[in-house]
Amino acid sequence: LMSEEDKDKYGYIQYLCTPMCVFLGLEDSDMYGSRQYSEAMQIRYGGTLTPKFDTQEELFELWLKELDEAIAFFSSHTQITDQLGSQDIIFKGDVNKWAKFTNSLKLKIAARLLNVNRQRAIDIVNEAAQNPAGLITSREDDFIMNKGKEDNNFNNDVRYNNANEKWVNFMKKNRDPRLFYFYMKNDYNSNVIQAF
């Protein structure tokens, strides 16, 4: 919905998010298998509140396509480094490292396909190896994400996962099954709150 000028200015953000979504999505699909992705979180754009579950193979193909789009963007938009500045805590605005990381994620997908579709896995590896973006081959280029041990959905620490009242009410009203996945009810009740 942005103007063309704003798309040029901020459009890179979606491409930086792509490898992160795939990286985290791989963890989710490893644990849960099929998951909602292609139709997920589209309600504000006319989508559904009950998105379909994509199979792992569908996810892998979709993620490979998205990774290719991100790599193509990185290879043609090296000027985004100036826009990122100090905001990029992962690669400090180095678009080449983002491209390497994005291309290297294809190898993670190939590893998951190796015992299911060996030829497809080999094709993905060959494609990634020949891609001019390169692959992560040194510690300097490596991507490390420490998600921490407390900031998750399974603790009652009030510093984390505080829910917005309007958002929770919207989820309740629409019987959104993700409510209890995203948030865990704390021990506060009206008596405890009144005591404060």
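Residues numbered from 1 in each chain as written. Predicted model: local features only at pLDDT ≥ 70, side-chain atom pairs only at ≥ 80, totals over all residues. Heavy atoms only, no water.

### Here we look at the nonpolar core
Now for step 1: Core analysis: the largest hydrophobic core is formed by 29 residues, its most contacted members being Val-22, Trp-63, Phe-74, Trp-98, Phe-101 and Ile-109.
Now for step 2: Breaking this core down by element, the ones donating at least two residues are helix 2 (12-32), helix 3 (56-76), helix 5 (95-113) and helix 6 (118-130).
Now for step 3: At nine residues, helix 3 tops the list of elements feeding residues into this core.
Now for step 4: Once you skip the residues sitting within four places of it in the chain, Val-22 turns out to touch Trp-63, Glu-66, Leu-67, Leu-105 and Ile-109. (Core = buried A, V, L, I, M, F, W, Y, C linked by side-chain atoms within 4.5 Å. Buried < 20%, exposed > 50% of the residue type's maximum accessible area, 1.4 Å probe, protein only. Helix = DSSP H or I, 4+ residues; strand = E, 2+ residues; numbered from the N terminus. Contact = heavy atoms within 4.5 Å.)

### Description of the packing of helix 2 against helix 3
Now for step 1: In the contact formed by helix 2 and helix 3, the axes pass within 9 Å of each other and the chain directions differ by 155°. In this view, helix 2 runs roughly antiparallel relative to helix 3, as classed from their interaxial angle. Both helix 2 and helix 3 take part in a crossing whose hand is left-handed. Contacts from Tyr-12, Tyr-15, Leu-16, Thr-18, Pro-19, Val-22, Gly-25, Leu-26, Ser-29 and Asp-30 of helix 2 reach helix 3 at Gln-56, Leu-59, Phe-60, Trp-63, Glu-66, Leu-67, Glu-69, Ala-70, Phe-73 and Phe-74. (Axes fitted to C-alpha atoms, helices over the stretch in contact; angles between N-to-C directions. Parallel < 35°, antiparallel > 145°, perpendicular 65-115°, else oblique. Left-handed = near helix turned anticlockwise from the far one by under 90°.)

### Things to note about the pattern of salt bridges
Side-chain pairing between opposite charges can occur once the charged atoms of the two side chains come close.
Now for step 1: Taken as a whole, this structure holds eight salt bridges when the rule is applied.
Now for step 2: We note a salt bridge from Lys-52 to Asp-54, for which the minimum N-O separation is 3.2 Å.
Now for step 3: Taking relative accessible area as the criterion, Lys-52 reaches 37% and is therefore assigned partly exposed.
Now for step 4: One salt bridge connects Glu-61 with Arg-120, and the closest N-O pair in it is separated by 2.9 Å. You can see Glu-61 sitting in helix 3 and its partner Arg-120 sitting in helix 6, a full 59 residues away along the chain.
Now for step 5: Each of Asp-68, Lys-106 and Glu-127 takes part in a single network of salt bridges with overlapping partners. (Salt bridge = Lys/Arg side-chain N within 4 Å of Asp/Glu carboxyl O.)

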